[in-house]
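# Residue-level structure breakdown
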Amino acid sequence: MCGIVAYVGRKIAQPLLIEGLKRLEYRGYDSAGIAVLDQKGQMHIRRAVGRISVLENAINTHAHPLPEAHIGMAHTRWATHGAPTEVNAHPHCDDGGHIAVVHNGIIENYSVLKKFLSEKGHTFSSQTDTEVLAMLIGDLYLELKAKNHLAKGASLLQRAVQAALHEVEGTYGIAVVCKDEPDTLVVARKGSPLIIGVGDDEYVVASDASAIVEHTQQVIYLNDNEMAVLKPSSFKTCTIDDMEISPVITQLEHKLEEYELGEYEHYMLKEIFEQPNAIKNCLRGRVEQREGRIVLGGVSELTKQLVSARRFILTGQGTAWHAGLVGDYLMEDLAKVVTECQYASEFRYRNPLVEENTVVVAISQSGETADTLAALREAKDKGATALGVVNVVGSTIARETDAGIYLHAGPEIGVASTKAFTCQCVVLTMLATYLGRRKFMSQTQCQEMIDGLCAIPEQMKRVLEQSDVVKDITNKFCERENWLFLGRGYHYPVALEGALKLKEISYIHAEGMPAAEMKHGPIALIHEGMPVVFIATKGSQYDKVISNIEEVRARGGVIIAIATENDANIRRYSDHVVYVPDVLEPLQPLLSVVPLQLIAYHAAVARGCNVDKPRNLAKSVTVE
Ligand code: G6P
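In this report, the structure presented in the accompanying data block is examined. Since we're looking at a predicted model, the values are computed, not measured.

Our next topic: the packing of helix α9 (residues 318-335) against helix α16 (residues 491-506). Between α9 and α16, the shortest axis-to-axis distance is 8 Å and the interhelical angle comes to 170°. In terms of orientation, α9 and α16 fall into the roughly antiparallel class. Facing α9, whose interface residues are Gly318, Thr319, Trp321, His322, Leu325, Val326 and Tyr329, α16 presents Tyr492, Pro493, Leu496, Glu497, Leu500 and Lys501. In the contact of α9 with α16, the residues fall into eight nonpolar, three polar and two charged.

Next up on the list: the sheet that holds strand β6 (residues 99-104). Judged by pairing direction, the sheet is antiparallel, and its seven strands sit side by side in the order β5-β6-β7-β8-β12-β13-β14 without closing on themselves. Edge positions in the sheet fall to β5 (92-93) and β14 (244-245), since each has one partner strand and no second. Pairing of β5 with β6, which is carried by two bridges, proceeds in the antiparallel orientation. Bridging from a neighbouring strand, cysteine 93 pairs with alanine 100 of β6. Against the sheet, helix α4 (residues 129-146) makes contact with β5, β6 and β7 (172-178), and its axis sits at roughly 140° relative to β6, the strand it touches most. The sheet contacts of helix α5 (residues 156-167) involve β6, β7, β8 (185-190), β12 (226-231) and β13 (234-239), and relative to β7 the element is tilted by about 145°.

Turning next to the sheet that holds strand β25 (residues 531-535). Strand pairing in a sheet takes place through backbone hydrogen bonds and is either antiparallel or parallel in direction. On the basis of which strands lie adjacent, the open sheet formed by five strands has the order β24-β23-β25-β26-β27 and parallel pairing. The open sheet has two free edges, formed respectively by β24 (509-514) and β27 (576-580), since each of these has just one partner strand. Looking at each pair of strands side by side, their axes are set apart by 15° on average, direction ignored. Sheet topology note: the β25/strand β26 (residues 558-564) ladder contains five bridges and is parallel. Each bridged residue has a counterpart across the sheet, and for phenylalanine 534 the counterpart in β26 is alanine 561. Sitting on the sheet, helix α17 (residues 542-553) is in contact with β25 and β26, with an inclination near 175° to β25.

Right, let's talk about the pairing of strand β9 (residues 195-198) for a bit. Burial along β9 is two-sided: the face carrying Ile195 and Gly197 and the face carrying Ile196 and Val198 are both buried. As paired elements, β9 and strand β10 (residues 203-206) share four bridges and run antiparallel to each other. By the bridge assignment, glycine 197 is partnered in β10 with valine 204. Here β9 hands over to β10 after four residues, with aspartate 201 in that stretch at a positive phi of 55°. The pairing of β9 with strand β11 (residues 218-221) spans three bridges and is classified as antiparallel. Bridged to isoleucine 196 within β11 is isoleucine 220.

The rules behind each value
Residues numbered from 1 in each chain as written. Predicted model: local features only at pLDDT ≥ 70, side-chain atom pairs only at ≥ 80, totals over all residues. Heavy atoms only, no water. Axes fitted to C-alpha atoms, helices over the stretch in contact; angles between N-to-C directions. Helix = DSSP H or I, 4+ residues; strand = E, 2+ residues; numbered from the N terminus. Parallel < 35°, antiparallel > 145°, perpendicular 65-115°, else oblique. Contact = heavy atoms within 4.5 Å. Nonpolar A, V, L, I, M, F, W, Y, C, P; charged D, E, K, R; others polar. Pairing = 2+ DSSP bridges. Buried < 20%, exposed > 50% of the residue type's maximum accessible area, 1.4 Å probe, protein only.

Okay, here's the thing in structure tokens:
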């Protein structure tokens with residue numbers, strides 16, 4: 001949600017910033033802007049509504065080309081305060097034009113600050129909270145300058161940013177430059193991610209590693225309430241309260257190629273096809289097939305606590321919440337522990353009961369989702385042990401949990417989450433089996449689960465081979481505006497996920513629900529020709545699902561069944577069938593979700609939608 005990239009060093013900033021913005025575009029894409037500061041201290045800003053390509057065009061066709069500056073910053077926006085217009089696009093300046101700011105997050109007390117600054121005579125040109133922050137920094141900067149308030153060794157800009165951030169409530173990842181200090185870039189964070197890439201006499205700061213990896217593998221992850229003052233040949237990190245901190249430089253986990261599209265037309269398709277490998281990586285070192293053992297290094301120190309936990313609360317948003325629902329079934333089925341899955345956004349505000357011996361599991365691809373983070377903090381404040389099931393290494397949720405299990409799915413760029421979902425399910429399966437084995441699960445069952453997990457990558461390839469079959473089926477119905485996705489047991493969350501995927505990238509209205517629930521209302525929607533996707537794999541509820549299929553068929557619905565290989569019977573009840581290999585019931589979601597991801601993908605392509613950047617959405621939602 002909003003992407004920031006900033007640079008200070010010896011190279012020419014503009015191409016590097018634009019390239020960085022393109023890599024961050026999936027974080028928000030309703031408007032974009034860039035500011036560079038030339039050696040004479042002149043600020044040059046260009047902004048545009050729409051995608052980065054529109055900004056590029058605006059830069060190239062502007063009467064004055066951008067100068068060859070060595071410091072600058074850029075932003076791609078997902079609007080929160082103020083419509084996506086050019087005046088609301090970042091960077092924002094103070095009214096004196098001294099300061100420019102790019103910001104990811106929300107300044108919650110912006111209206112109070114705006115009133116205060118207006119009364120001091122400042123004039124605003126946008127509706128954004130960010131302009132208020134720029135104005136505040138500018139106002140404090142001039143005040144400090146007038147007092148000649150330069151503490152030894154500190155930049156005046158640094159002081160002004162620190163003073164301003166003390167007044168601010170809310171969340172921010174910011175980069176700030178000032179005309180009077182044309183070699184200084186100040187960055188700070190609270191609640192929104194910010195990573196500093198450390199190169200040779202240069203620094204690239206960005207909201208995530210994708211914009212950094214091309215330039216350096218060495219990074220510093222800023223923590224909340226920390227900031228950095230960066231010059232080409234020096235840098236210092238400190239807290240907002242000016243306590244100096246020694247930076248920890250770490251190595252980025254992923255290489256540039258992993259962020260590239262490669263031979264694929266869209267990131268979503270690439271990530272769907274990466275799933276067998278992603279799952280292999282997720283299992284690597286954790287599943288010892290020969291010994292019949294699961295080894296979860298990330299949680300081993302807490303094993304006793306986890307085994308004796310009385311309750312697990314799984315929480316997340318969007319697709320991560322769906323994985324949590326699968327986890328709910330897994331934990332009760334395999335680990336025999338009371339488990340509930342809650343929307344993080346609801347959990348955090350309901351004053352939840354967190355009894356003794358409760359474990360909260362925060363599930364998040366990005367590790368930055370604001371609601372999930374807040375739910376995690378709420379549960380921790382109430383005494384819960386906190387686990388993270390996170391993909392992005394070093395992300396806030398990963399750092400704020402007591403222990404965790406990374407997905408190791410590799411970077412996920414497509415806004416619609418796919419490989420993160422299946423890897424989240426794999427991690428939760430391993431966790432449930434790991435705990436179950438320490439309680440009631442026999443070695444035989446544990447071995448079955450392990451063998452089953454290890455076979456999934458190859459079996460998933462067989463499902464992916466049917467992409468064209470799914471495409472043909474989808475193309476027949478992709479103009480229909482209403483779809484239903486139905487499943488029972490482990491497939492209920494999969495039905496929700498299938499409907500979400502279709503909604504978010506193809507803009508078709510779709511609902512997912514437990515197949516049995518349909519009779520209690522939604523059946524009224526069924527009409528001649530309405531596509532209804534049933535997940536009807538072999539398992540404990542197969543016969544019941546067949547009955548539900550009959551109910552829909554009787555009312556004219558078109559049945560698309562996801563069924564188990566060799567189930568010839570299902571053809572009698574369905575108009576179209578996509579087969580998936582026969583696997584243990586707890587593992588079925590890993591395969592049955594794949595055709596649904598492909599339905600959504602092919603429908604979006606057929607309808608001419610922007611698959612990787614669906615309207616109104618952002619990959620990582622760092623505001624409430
Ligand atoms: C956004 C994305 C979804 C994602 C959800 C949770 O809504 O568009 O694809 O599932 O956030 O994100 P997280 O990073 O916490 O998994």
